[in-house]
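Reading the structure
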Amino acid sequence: MKKYKRHIVNIITIIIMGLATLFQHGISVYAQEIKAVSAFVFEDEIYIYVHGISEIGEDSQIQIGNIVCDNSSISVAYNTPIRTIILVDNSKSIPKASYETINEMLGAVIDSATEHEQFKIGTVAEQVTYLTEYSSDKEALKVAAGEIVYNDQDTYLSDILYETVESVRDENTDIYTRLFVIADGADNKSIGYTYDEVIKFLGIQGVPVYTAGIVGKNNSKELETMFSFSRASNADCFLMNGDLTVEQIAEELSKDEQNVCIKIKPDTSVMDGSAKNILLKLNTPDGQVNLTTTAVMPFGTIENVPGETETEEEKQEEKALPVIGEKAAEPVPEKKAPDLRWIMVTLALAGAVAAIIIATVVIKKKKSMTVVENVPVIEEKNFEEMLPPPKAYIILRCNDLPEQIYKVPINDVICIGRKEADVVMDDHYVSSEHCEIILRGELLYVKDCNSSNGTYYENIRIYEETPIISGGNLKIGKYTYNIKLEKNC
């Protein structure tokens, strides 16, 4: 019995030591997040890179806007190449104590890369200065990183990110390309790109912007701005305050090397050059996963318009243009004497009309003076009972405040906002008219109404009418809500 108890104690001790080791090294025991990290167009195909999935089943479905893609137009690729642009803020606002940590960070990120990843290293001020071209030579890259010099200069990261991402898209490449930025925050020029412009641009370009923030003096606002750029581009952000080691950050970045690439040849009906939302229903070994992302569609080929043919009307003889100057004398039409017969007919008609009007007035006065008896009383009914029943109900349950639940009927559209809406939310982060939920048949859509803080579906900000599913999550204002469609059978 004592021997048996001793074995149990040993097993428990091993488990506790193992858990302690996990927490000491900060290793997450949860599965990595599944999300679409990049979506962009190369030539006439859409490339979507999905993070956290090892395999995708053939019976998966993808919907672009309102069009469901044919399975024959979808293909999947694994172990695809990857490019990383490393941008380092080398201004003197970076604390000297962080110089060595930044160098260690760069070395750890470069060392953790596989053979199919290339790096390009640059420093940022008013513009980017690249120290290397794309390369997989780890030793040469680490030498270049170690030669970074910190200068007394201004750094405008908002403009830099916009222009760098724009240059990546201008390259017209099908290689998954991401940015990794190490800085103490983001600021923009007074005449540069605005915060909203950068956020919206990063949200549709398919270039993830990973950021590592360095804590300095009173730079919390600038760090939050920089981290918001990461969230807009569907990438992760890290705060280098001692809680995370450089090795852990490098490990998180290396997870992109297992991304699965989905290629879609879109239907010509969606190839209009606009940004469209994409819904992915992916069957994986762990079950079905529903994701959303956004990509700017390519333009379709315009059919040749047949040449115009002359019509008979266009062949008519050209008329002479009027001469500017003295006006030619025009013939004066001959005056005719008035016809007495037509005058008599007109007067007769006028008299008849006057008689009809007088008779109508007299009849109305007599009717108004009569008393009507025994008029049947119409039964009064409740107005609401006369309305047709709603097609369904929308149920919004706040994930952060479980007791906060909204249930509203829906036939076509309901409005969510802070004032005069179908769903009124007492939240200062919610606009007066924030967003709309649309029901078409059995399909749900959400549309942002140019709200100040945006509407998010599954952590992705939406900019146009977006298909959603019952059971998904909407971020409206400060809180996230689980949305469900309940049919009114």
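Presented here is a report on the structure given in the accompanying data block. Each chain has its residues counted from 1, following the order in which its sequence is written. The model is predicted, so local features are restricted to residues of pLDDT at least 70 and side-chain atom pairs to those at 80 or more, both for listing and for counting; the totals for chains, interfaces and linings are taken over all residues. To obtain the side-chain values, all non-hydrogen atoms of the structure were included, while hydrogens and water were left out.

1. Topic: the overall build of the protein chain
Using the following cut-off: Numbering of helices and strands starts at the N terminus; helices are DSSP runs of H or I of at least 4 residues and strands are runs of E of at least 2. For the exposure calls, accessible area comes from a 1.4 Å probe over protein chains only, and a residue counts as buried if that area is under 20% of its type's maximum, exposed if over 50%, partly exposed in between. A 1.4 Å probe and the Shrake-Rupley method give the accessible areas. Residues count as covered only by the protein chains that appear here.
Counting its secondary structure elements, the protein chain contains nine helices and 25 strands. Within the protein chain, the fraction of its 489 residues that count as buried is 38%. As presented, the protein chain carries roughly 30,900 Å² of accessible surface, and 53% of it is formed by carbon and sulfur atoms.

2. Quick notes on the side chain of Thr294
How we decide: Side-chain atoms alone can form a polar contact between residues adjacent in sequence; in general such a contact is a pair of N or O atoms within 3.5 Å, and within protein one must be able to donate a hydrogen while the other accepts it. Residue contacts follow a heavy-atom distance rule, with two residues in contact if any of their heavy atoms lie within 4.5 Å.
Mapped onto the elements of the fold, Thr294 is located in strand E14 (residues 287–296). One polar contact links Thr294 to Asn277, side chain to side chain, over a distance of 2.9 Å. Beyond its immediate stretch of four places on either side in the chain, Thr294 contacts Ala39, Gly203, Ile204, Ala275, Lys276 and Asn277.

3. Looking at empty space enclosed by the protein
For the record, the criterion: Using a grid of 1 Å spacing that covers the protein atoms alone, one calls a set of points a cavity when a 1.4 Å probe fits there but cannot get out, and a pocket when the set is open and has protein on both sides within 12 Å along at least five of seven lines; lining residues are those with an atom within 4 Å of a point. Grid points are joined across faces, edges and corners, and a volume is the space filled by probe spheres set on the points. All residues other than Ala, Val, Leu, Ile, Met, Phe, Trp, Tyr, Cys, Pro, Asp, Glu, Lys and Arg, Gly among them, are scored as polar; the first ten of these are nonpolar and the last four charged.
The tally for this structure, following the rule as stated, stands at one cavity of 30 Å³ or more. In this model, the largest cavity occupies a volume close to 190 Å³. Considering the residues around the largest cavity, the lining is formed by 18 residues, among which Gly203, Ala232, Ser233, Asn234 and Ile460 are closest to the centre. Of all the elements in the fold, those that place two or more residues in the lining of the largest cavity are strand E1 (35–42), helix H5 (195–205), helix H6 (220–232), E14 and strand E22 (460–461). Examining the composition of the lining of the largest cavity, we find that four residues originate from one element, E1, more than from any other. Of the residues assigned to the lining of the largest cavity, the class counts are eight nonpolar, eight polar and two charged.

4. Topic: unusual backbone geometry
The phi dihedral of Glu43 is positive, around 55°, even though this residue is not glycine. Here Glu43 shows up in the loop between E1 and strand E2 (45–51). Backbone geometry places Glu420, a non-glycine residue, at a positive phi of 45°. On the secondary structure map, Glu420 appears in the loop between strand E17 (413–417) and strand E18 (423–424).

5. Side note on the packing of aromatic side chains
Note the threshold: The criterion for an aromatic pair is that two Phe, Tyr or Trp rings (for Trp, the six-membered ring) have centres within 6.5 Å, with stacked assigned to planes under 30 degrees apart, edge-to-face to planes over 60 apart and tilted to the rest. Criterion for a charge above a ring: Lys NZ or Arg CZ within 6 Å of the ring centre, and within 35 degrees of the ring normal.
Scanning all chains against the criterion turns up nine aromatic pairs. Geometrically, the ring pair formed by Phe42 and Tyr47 is edge-to-face, given 6.1 Å between the ring centres and 80° between the ring planes. Accessibility assignment for this pair places Phe42 and Tyr47 in one class, buried. Plain terms: the ring middles of Tyr99 and Tyr150 are 3.9 Å apart, the flat faces sit at 5° to each other, and that makes the pair stacked. A residue pair is termed long-range when its members are at least 10 positions apart, and Tyr99 in helix H2 (residues 99–111) and Tyr150 in the loop between helix H3 (138–146) and helix H4 (157–170) qualify at 51 residues. Directly above the ring of Tyr210 sits Arg178, whose terminal nitrogen or CZ lies 5.7 Å from the centroid. Against the face of Tyr445 rests Arg440, its NZ or CZ located 5.0 Å from the ring centre.

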